[in-house]
Amino acid sequence: MMEIFIDSRWTCIYPTYINNKKTIAEGRRISTSKGVENPTFAEIRDVLSATGFNVIVENKAYPRDKSKELVRGRVRVQFRKDDGTLVNPSYPSRDSLLHFAAEMIPKLKSRTNPVSAPQQAAPGGKKKGKKK
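Residues numbered from 1 in each chain as written. Predicted model: local features only at pLDDT ≥ 70, side-chain atom pairs only at ≥ 80, totals over all residues. Heavy atoms only, no water.

A. Just the side chain of Arg76, in detail. Note on placement: Arg76 falls in strand E3 (residues 74-78). Of the residues examined, Arg76 reaches a relative accessible area of 16% and is grouped as buried. In this structure the side chain of Arg76 is engaged in a polar contact, spanning 3.5 Å, whose partner is the side chain of Glu58. (Helix = DSSP H or I, 4+ residues; strand = E, 2+ residues; numbered from the N terminus. Buried < 20%, exposed > 50% of the residue type's maximum accessible area, 1.4 Å probe, protein only. Polar contact = N/O pair within 3.5 Å; in protein donor to acceptor, adjacent residues only side chain to side chain.)

Written out as structure tokens, the structure is:
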């Protein structure tokens, strides 16, 4: 297994950064109109790794998040190579990376075709209640 050295060339992305249900004081970094409703670290990981970034998921909670037990996960993205050049020149800043992730997450299959819970069978012809 290859050991990866994480330093300042790796950027942290918490799901809170692109969550349109959060306020700026709670940690949102992009506008609510461009944000995503309750994104997960797995969705961010899937979008960024499909773009060609090296991605690592860590079991960390966002420091400002009040519900630390419910939302966990931090995504580390290799933003720059060892020589300092961008990994993907299409995304020159962290903000451009956040906007890209927020744009692509709604297009994921898990968002467009959500797996619904199995529907319960319709009740039979018998009714419970008083007998006449």
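B. Looking closely at the nonpolar core. If you look at the biggest cluster of nonpolar residues, it comprises 22 residues, and the most contacted ones within it are Ile13, Ile18, Ile44, Leu48, Val77, Leu97 and Ile105. Of all the secondary-structure elements, those providing two or more residues to this core are helix H1 (41-50), E3 and helix H2 (94-104). Setting aside residues up to four positions removed in sequence, Val77 forms contacts with Arg9, Trp10, Thr11, Ile13, Leu48, Phe53, Asn54 and Leu97. (Core = buried A, V, L, I, M, F, W, Y, C linked by side-chain atoms within 4.5 Å. Contact = heavy atoms within 4.5 Å.)

C. Up close: the pattern of salt bridges. Tallying each qualifying case throughout the model produces 4 salt bridges. Here Asp46 and Arg45 are joined by a salt bridge, their closest N and O atoms 3.2 Å apart. Since its relative accessible area comes to 35%, Asp46 is described here as partly exposed. A salt bridge links Glu58 to Arg74, with the shortest nitrogen-to-oxygen separation between them at 2.5 Å. Here Arg74 lies in strand E3 and Glu58 lies in strand E2 (residues 55-58), a separation of 16 residues in the sequence. With relative accessibility at 12%, the residue Arg74 sits in the buried group. Here the residues in one salt-bridge network are Glu58, Arg74 and Arg76, joined through shared partners. (Salt bridge = Lys/Arg side-chain N within 4 Å of Asp/Glu carboxyl O.)

D. Summary view of unusual backbone geometry. Here Asn38, not a glycine, exhibits a phi torsion of approximately 45°, which is positive. Within the secondary structure, Asn38 sits in the loop between strand E1 (10-13) and H1. Accessibility expressed as a relative area gives 45% for Asn38, which makes it partly exposed.

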